[in-house]
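Chain residues, written in single-letter form:
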Amino acid sequence: MESARTIIHPVPPFNFDGTIYVPHYFPTPDFEWQPNIMWQTLNLNRRRLGFKMENKGVVNDPKIELTVYSRNKPTVNVMERVVEELNWRYGFKEDISEFYRKFRNDKFLKPVFKRLRGMRANCANSLYELLVISIVLQNATVKRTVQMMNNLFKAYGTTLKFDNKELFAYWNPEDLNGVNEEELRALKVGYRAKMIKRVSEAFSRGEIDELQLRRMNTEDAKKELMKLYGVGPATAEIVLGGYLRRY
């Protein structure tokens, strides 16, 4: 795959590993992490990309080297779109300095700040991907959830090879249009097959606009999310906090 590089300057303070990698999230085969480096796939506007983020700065002077991999050399426009998306998902442009000033002497938070100052919330996935994850998390152990996600990736995902890594990229919602519930159930997802199918259909028909949702107020966004089959208050709250960055 061909590649292009650029530099991202998050708003300080910024903790790279504390933000980019969340150890208690269950592992999916679309990313790989080691200290100061993250490799990940990205399905951006139906285009499957690989990228690597590498820490090149420090908490008070952060800098990330971003390398994007594609079948054809990424254009300036593609690079700008990737940076824009990563800024949203990882909160690179959020100014959290006031929080650290306000609570720097808090007896509970002070020791945490020593390790994780500059950490911020992240959501490494698109809205559709997060909803699929939320569905397979329902009434399941982590081990069972990992099994379901791996089965879905093997059946419908795409393998990308870049920077000596081999990772899965998510499928497009419309890729499941010709798939029936029985086929999904064969992947050991159980009753969740119907929910995955219905949510995928809604996205493939354009019933929900991911970018417009980001601009809505919190209550309207929650109502819009709950129009989707299988999305109740609990799942909507996960999306509001984890994806839409409504704290």
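Remember, predicted model here, so these are calculated numbers, not experimental data.

A few points about the sheet that holds strand β4 (residues 47-55)
1) Next: Within the open sheet, the 5 strands sit side by side as β1-β5-β4-β3-β2. Their pairing is antiparallel. The outermost strands of the open sheet, each flanked by one partner alone, are β1 (2-8) and β2 (31-34). Direction aside, neighbouring strands of the sheet carry axes that sit 25° apart on average.
2) Next: Two strands pair when backbone bridges link them, and β2 and strand β3 (residues 37-44) are joined in this way by 4 bridges, in the antiparallel orientation. Each residue of the ladder has a partner; that of Glu32, found in β3, is Trp39.

Remarks on the pattern of salt bridges
1) Next: The full count for this structure, using the stated rule, is 16 salt bridges.
2) Next: We note a salt bridge from Glu65 to Arg5, for which the minimum N-O separation is 3.8 Å. One end of the pair, Glu65, is in strand β5 (residues 64-70); the other, Arg5, is in strand β1, and 60 residues separate them in sequence.
3) Next: Classification of Glu65 by relative accessible area gives partly exposed; the value is 21%.
4) Next: When the shortest N-O distance is used, the salt bridge between Glu32 and Lys165 registers 2.8 Å. Pair noted here: Glu32 is in strand β2 and Lys165 is in strand β7 (residues 165-169), with a separation of 133 residues, a long-range link.
5) Next: One continuous salt-bridge network, built from bridges that share partners, spans Glu85, Arg89, Glu210 and Arg214.

Description of unusual backbone geometry
1) Next: Note that the residue after Pro12, namely Pro13, is joined by a cis bond; omega there is -5°.
2) Next: The topology assignment puts Pro13 in the loop between β1 and α1 (16-20).
3) Next: Positive phi, normally seen in glycine, also occurs at Asn139, with a value near 50°.
4) Next: Looking at the element boundaries, Asn139 is found in the loop between α5 (127-137) and α6 (142-156).
5) Next: A positive phi angle, near 50°, is found at Asp163, a position not held by glycine.
6) Next: Within the secondary structure layout, Asp163 lies in the loop between β6 (158-162) and β7.

Describing the packing of aromatic side chains
1) Next: Under the criterion given, the structure shown has 15 aromatic pairs.
2) Next: For the pair Tyr170 and Trp171, a centre-to-centre distance of 5.3 Å together with 45° between the ring planes defines the contact as tilted.
3) Next: Each residue in the set Phe153, Tyr156, Phe168, Tyr170 and Trp171 is aromatic and connected to the rest through ring pairs, giving one cluster.
4) Next: Seen from the ring of Trp39, Lys165 lies directly overhead, with NZ or CZ sitting 4.3 Å from the centre.
5) Next: Above the ring of Tyr229, the side-chain terminus of Arg198 is found at 4.1 Å from the ring centroid.

Reading guide: rules and limits
Throughout this description, residue numbers start from 1 for each chain and increase along the sequence as written. Whole-chain, interface and lining totals are the exception, using all residues; otherwise, since this is a predicted model, local features are given only for residues with pLDDT of at least 70 and side-chain atom pairs are given and counted only at 80 or more. To get the side-chain values, take all heavy atoms of the structure and skip hydrogens and water. Here, a strand pair is defined by DSSP locating no fewer than two bridges between the strands. In this description a helix means any DSSP run of H or I spanning at least four residues, a strand means any run of E spanning at least two, and both kinds are numbered starting from the N terminus. Axis definition: a line fit to C-alpha positions, over the contact stretch in the case of helices; interaxial angles, taken between N-to-C directions, run 0 to 180 degrees. Here, a salt bridge means any side-chain nitrogen of Lys or Arg that lies within 4 Å of a carboxyl oxygen of Asp or Glu. The classification of residues rests on relative accessible area computed with a 1.4 Å probe and restricted to protein chains. Under 20% of the type maximum is buried, over 50% is exposed, and intermediate values are partly exposed. Stacked, edge-to-face and tilted are the three classes for Phe, Tyr and Trp ring pairs, Trp counted by its six-membered ring, which pair at centre distances within 6.5 Å; planes under 30 degrees apart are stacked, over 60 edge-to-face, the rest tilted. Sitting over a ring, as applied to charges here, requires NZ of Lys or CZ of Arg to be within 6 Å of the ring centre and within 35 degrees of the ring normal.

Honestly, it's all geometry; don't read function into it.
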